[in-house]
Amino acid sequence: MEQFVRKRLTFLTSFWNKLRPRSVPESCSLGYLGSDSVSLHSEPNSISFIPKSSLFIALYAFTARSEEELSVSAGDKLRVLREEGEYVLARRLLGEPAMGYVPAAYVANLSQGTSTHRPESSKGEYSLSVRNHTKVSHFRICKSPGGSLYIQKGHPFPDMEELLAFYTKHWKVIQSPLLQPCSPAVRTPTTPPERDGWERPRWEFTLRRKLGEGYFGEVWEGLWRNTVPVAIKIIKGRYRSRC
Ligand SMILES: Nc1ncnc2c1ncn2[C@@H]1O[C@H](COP(=O)(O)OP(=O)(O)OP(=O)(O)O)[C@@H](O)[C@H]1O
């Protein structure tokens, strides 16, 4: 009813706000830190059909080296169809529809439920982050001089477990049910994963012509750093995990 009136009878907004203030300011008294909208798809209705566990984000840009691979930019939202060793078969959720293999180290799972973590801005403190569909809300967890933890003043808990147990049961206070903890946070590294010494980056090689093909991949004539002639074997995606 409230949502209907707010949406349809916009000229009554100020009256309605006085009568029933919006719920977010109410949360501020709980140490509400804000929320992030995580847009996962250009078609909002289709989100619910994608299992949360298959939603990933690209951590780095990756350029496809064969038709079976998928080029992604850092930040691209992906649906991972399956994992194959060091690669995942992924479909891009935004922009041009495309599917292919991406190195598993280049992506991170977005399916996070509830987490408690130290916020970047205030070292030594914790916050409760709750993801509800595409919205993530953060609540500051304060520590009293005696060491107890609380989100609402006057509701202290001796430790994090008891605090979480209370808000799991009384989730309406924070307006989001605490259904499951998130998997350990995947921090976005600032640099790509380390390479072995013998492994050279893709940009150092140029493909010139296809020489032949074996069961596991294609062999190309190419140049290393535009000078040294080399033979390059590009392993077919489905066999990469076994290499
Ligand atoms: N260094 C090279 N120079 C020129 N041509 C090459 C070179 N290496 C491979 N080729 C060509 O590529 C084809 C495939 O080579 P590849 O090494 O993939 O063969 P394979 O051992 O049968 O493959 P697989 O192990 O995948 O079954 C060869 O038959 C040959 O024509």
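The name given to the protein in an unreviewed UniProt entry is Tyrosine-protein kinase srms-like, and the organism recorded there is Limosa lapponica baueri.

Visitor: What am I meant to see in the site of the ligand here?
Guide: Surrounding the ligand, one finds L211, G212, E213, G214, Y215, F216, G217, V219, A231 and K233. Contact between the ligand and K233: an oxygen atom at 2.7 Å from a side-chain N or O atom of the residue. Protein chains bury 44% of the 620 Å² of accessible surface belonging to the ligand in isolation. Of the residues forming the shell around the ligand, the biggest block, three residues, is contributed by strand β11 (residues 205–213). For the shell around the ligand, the class distribution of residues is five nonpolar, three polar and two charged.

Visitor: How do you make sense of the pattern of salt bridges when you look at a structure like this?
Guide: Two side chains with opposite charge may pair up if their charged atoms get near one another. Here the structure, examined in full by the defined rule, presents five salt bridges. Two residues, K236 and E213, come together in a salt bridge whose shortest N-O distance is 3.3 Å. Linking K236 in the segment after β13 (228–235) with E213 in strand β11, this pair joins segments that are 23 residues apart in sequence. Each of K210, E213, E218 and K236 takes part in one network of salt bridges that share partners.

Visitor: I keep staring at the nonpolar core and nothing clicks. Help me out?
Guide: In globular proteins that are soluble, nonpolar side chains generally tend to be buried together. By size, the foremost hydrophobic cluster in this structure holds 15 residues, and its most contacted members are L70, V72, L78, V88, A90, V102 and V107. For this core, the secondary structure elements donating two or more residues are β2 (55–58), β3 (77–84), β4 (87–92) and β6 (107–109). Contact partners of V102, with chain neighbours within four places excluded, come to F62, L70, V72, E86, Y87, V88, A90 and V107.

Visitor: What's the story with the confidence of the model for the protein in this structure? I'm lost.
Guide: Segments scoring low in pLDDT should not have their predicted coordinates read at a detailed level. Chain-level statistics for the protein give a pLDDT mean of 71 and a share of 62% at 70 or above. Note that residues 21–29 has pLDDT below 50 and, in this model, ten contacts with residues that lie over four places away or in other chains. Low pLDDT, under 50, characterises residues 117–123; the predicted model gives this stretch twelve contacts beyond four residues in sequence or across chains.

Cut-off values and rules
- Residues numbered from 1 in each chain as written.
- Predicted model: local features only at pLDDT ≥ 70, side-chain atom pairs only at ≥ 80, totals over all residues.
- Heavy atoms only, no water.
- Near = heavy atom within 4 Å.
- Polar contact = N/O pair within 3.5 Å; in protein donor to acceptor, adjacent residues only side chain to side chain.
- Areas by Shrake-Rupley, 256 points an atom, 1.4 Å probe, with all protein chains shown as cover.
- Helix = DSSP H or I, 4+ residues; strand = E, 2+ residues; numbered from the N terminus.
- Nonpolar A, V, L, I, M, F, W, Y, C, P; charged D, E, K, R; others polar.
- Salt bridge = Lys/Arg side-chain N within 4 Å of Asp/Glu carboxyl O.
- Core = buried A, V, L, I, M, F, W, Y, C linked by side-chain atoms within 4.5 Å.
- Buried < 20%, exposed > 50% of the residue type's maximum accessible area, 1.4 Å probe, protein only.
- Contact = heavy atoms within 4.5 Å.
- pLDDT = per-residue confidence, 0-100.

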